[in-house]
Amino acid sequence: MEIGRTEKTREEKVLKTQQEKETKKDKSPRAAGELPYERFLRFGPENLTEAELLAIIIRTGTRKRSALELAEEVLQLARYPKEGLLGLYDVTLDQLQRVHGIGEVKAVKLKCLAELSMRMSVAKAREGLNFSTSGQVAAYFMEKLRHRDTECVVLVCLDAKGQMICEKKLSEGSVNMSLISPREVFLAALESRAVNILLVHNHPSGDPTPSKADRELTDNVREAGDHMGIPLLDHIVIGDNRYISFKEAAWFSEGSLQ
């Protein structure tokens, strides 16, 4: 019996030695079986997976599941075409809390993370941005507006060089374009000292084809802008990964848009 135990002990020592050698050879973040937080400190955030980064935010798991396992399930909630961390923005609080181990506090933290990520992305895109083409405007607003379930009308105020001074939400929800007055538009434009303006809004249906009300609003704002010396340069309607520009469609050169 003693001989058998001795041999088993020797085998365990040999196996442990081999594992230690393999660990030394393997310099990857997972080599030492560290927790995501520890891997962050050793290897930096750029070497962690999305699940590992999310696990650090989640912090704790359950008795049966680690924070990393919870993070992996959270990432699976995202749906095509926005998968992984990118799709977290569209996951609701209710969906997050259906994951066992994700309570209200953790769900709110994850939604705040998604919102901060989106705002940082927008702020970075805005730096030095010059809205000289309709495509640039559409690209800037596409991800912000195309996934919304309700219409949102945005006024974009520009300086003399075409750079954005600010963006102001004019209306959101069940939008009746006829209720948006040129007066409201130009009060905001004057307040920001805009030289030119743009209108941008989305169609939740995904079809950016302008309605009659869209055309009427554009016509009214364009006419008022000509009188006030603050031209409406374009009105862009955002659909699902596509857009229609009144300027590109040459409707501005046709006089009345109605």
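This text goes with the structure placed above it.
### Some words on the nonpolar core
1) Next: Counting residues in hydrophobic clusters, the biggest one holds 21 residues, and the most contacted among them are Leu-155, Val-185, Ile-197 and Val-221.
2) Next: Within the residue set of this core, elements represented by two or more residues are strand E1 (151–158), helix H8 (182–191), strand E3 (196–202), helix H9 (212–228) and strand E4 (232–238).
3) Next: Of all the elements, H8 adds the most residues to this core, at four residues.
4) Next: What Val-221 contacts, discounting residues up to four positions off in sequence, is Pro-182, Val-185, Phe-186, Ile-197, Leu-199 and Leu-232.
5) Next: Membership of the second largest hydrophobic core comes to 18 residues, among which are Ala-55, Ile-58, Ala-71 and Leu-110.

### A word on the pattern of salt bridges
1) Next: Scanning all chains against the criterion turns up nine salt bridges.
2) Next: Between Arg-39 and Glu-52 there is a salt bridge, with the nearest N and O atoms lying 3.0 Å from each other. Taken as a pair, Arg-39 in helix H2 (residues 36–43) and Glu-52 in helix H3 (residues 50–58) lie far apart in primary sequence, 13 residues in all.
3) Next: Taking relative accessible area as the criterion, Arg-39 reaches 4% and is therefore assigned buried.
4) Next: Linking Arg-148 and Glu-172 is a salt bridge whose minimum nitrogen-to-oxygen distance equals 2.4 Å. Remark: Glu-172 occurs in strand E2 (residues 164–173) and Arg-148 occurs in the loop between helix H7 (134–145) and E1; sequence separation between them is 24 residues.
5) Next: Of the residues examined, Glu-172 reaches a relative accessible area of 39% and is grouped as partly exposed.
6) Next: Overlapping salt bridges, with partners in common, bring together Glu-143, Arg-146 and Asp-240 in one network.

### Thoughts on H2
1) Next: Those residues of H2 that fall on the buried side of the exposure criterion are Pro-36, Arg-39 and Phe-43. The buried residues of H2 all sit within an arc of 55° when viewed along its axis, so they share a single face. Exposed side chains of H2 directed beyond 90 degrees from the buried face belong to Tyr-37 and Leu-41.
2) Next: Packed against the buried residues of H2 are H3 and helix H4 (67–75).
3) Next: Positive backbone phi, approximately 85°, marks Gly-44, located one or two places after H2.

Criteria and thresholds
- Residues numbered from 1 in each chain as written.
- Predicted model: local features only at pLDDT ≥ 70, side-chain atom pairs only at ≥ 80, totals over all residues.
- Heavy atoms only, no water.
- Core = buried A, V, L, I, M, F, W, Y, C linked by side-chain atoms within 4.5 Å.
- Buried < 20%, exposed > 50% of the residue type's maximum accessible area, 1.4 Å probe, protein only.
- Helix = DSSP H or I, 4+ residues; strand = E, 2+ residues; numbered from the N terminus.
- Contact = heavy atoms within 4.5 Å.
- Salt bridge = Lys/Arg side-chain N within 4 Å of Asp/Glu carboxyl O.
- Arc of directions from axis to C-beta.

Everything listed here is a matter of coordinates, which is why it stays silent on function.
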